[in-house]
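Structure assessment
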Amino acid sequence: MKQIKITRKTVIKIALLSFSVFILIGMSIHFFGFRVAIRFNPEMAKQMGGVISRKEMDDLELIYQQKIQTFQTQIPIIESKILTLKNLKDQFAELSIPTSAKD
């Protein structure tokens, strides 16, 4: 018969050891589970981790390039509207100043 003394030091060692073992098991399950999911069910991996394929990335880049082109074509129109509004603001400011204050 062997006696095991339960002290604070042994309890802390057992707790740290079990905590470390559970963390390592969890990390390995996560890592290997994710790799298996990518290999056998890419849709599930996509939903879990945001993984996208190269084709989907190219499609997104093409869509973004098209949006940039539409924005670049709208820039001169917006600049002309801003200039028109600035001119109108200046005209209204001119009208709002009394003639006695202009002199």
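The rules behind the values
- Residues numbered from 1 in each chain as written.
- Predicted model: local features only at pLDDT ≥ 70, side-chain atom pairs only at ≥ 80, totals over all residues.
- Heavy atoms only, no water.
- Helix = DSSP H or I, 4+ residues; strand = E, 2+ residues; numbered from the N terminus.
- Buried < 20%, exposed > 50% of the residue type's maximum accessible area, 1.4 Å probe, protein only.
- Areas by Shrake-Rupley, 256 points an atom, 1.4 Å probe, with all protein chains shown as cover.
- Salt bridge = Lys/Arg side-chain N within 4 Å of Asp/Glu carboxyl O.
- pLDDT = per-residue confidence, 0-100.
- Patch = residues over 30% accessible without salt bridge, like charges linked within 9 Å, V, L, I, M, F, W, Y side chains within 5 Å.
- Expected span 1.5 Å × (residues − 1).
- Bend = angle between axes of the 7 residues up to and from the residue.
- Polar contact = N/O pair within 3.5 Å; in protein donor to acceptor, adjacent residues only side chain to side chain.

1. Looking at the overall build of the protein chain
Secondary structure assignment for the protein chain yields four helices and zero strands. For the protein chain, the N- to C-terminal ordering of α and β elements is α-α-α-α. Within the protein chain, buried positions represent 2% of all 103 residues. Within the structure as shown, the protein chain displays about 10100 Å² of accessible surface, and the carbon and sulfur contribution to it stands at 67%.

2. Thoughts on the pattern of salt bridges
A complete count under the given rule lists three salt bridges for this structure. For Lys89, the salt bridge goes to Asp90, with nearest N and O atoms at 3.4 Å. When its relative accessible area of 35% is taken as the criterion, Asp90 is described as partly exposed.

3. Looking at the confidence of the model for the protein chain
The pLDDT averaged across the protein chain works out to 85; a share of 86% of its residues lies at or above 70. Confidence scores differ between elements of the protein chain, with helix α2 (residues 42–49) showing the lowest mean pLDDT of 67 and helix α3 (residues 54–96) the highest of 93.

4. A closer look at a nonpolar patch on the surface
On the surface, a cluster of nonpolar side chains totalling about 520 Å² of accessible area is made up of Leu17, Val21, Phe22, Ile25 and Ile29. Position of Val21 among the secondary structure elements: in helix α1 (residues 8–40).

5. Examining α3
Its 43 residues place the ends of α3 61 Å apart at the C-alpha level, agreeing with the 63 Å of an ideal helix rising 1.5 Å per residue. Along α3, the helix axis deviates most sharply at Ile75, where the bend reaches about 30°; the proline Pro76 sits within four residues downstream.

6. Some words on the environment of Asp90
Note that Asp90 resides in helix α3. At 3.4 Å, the side chain of Asp90 and the side chain of Lys89 are in polar contact.

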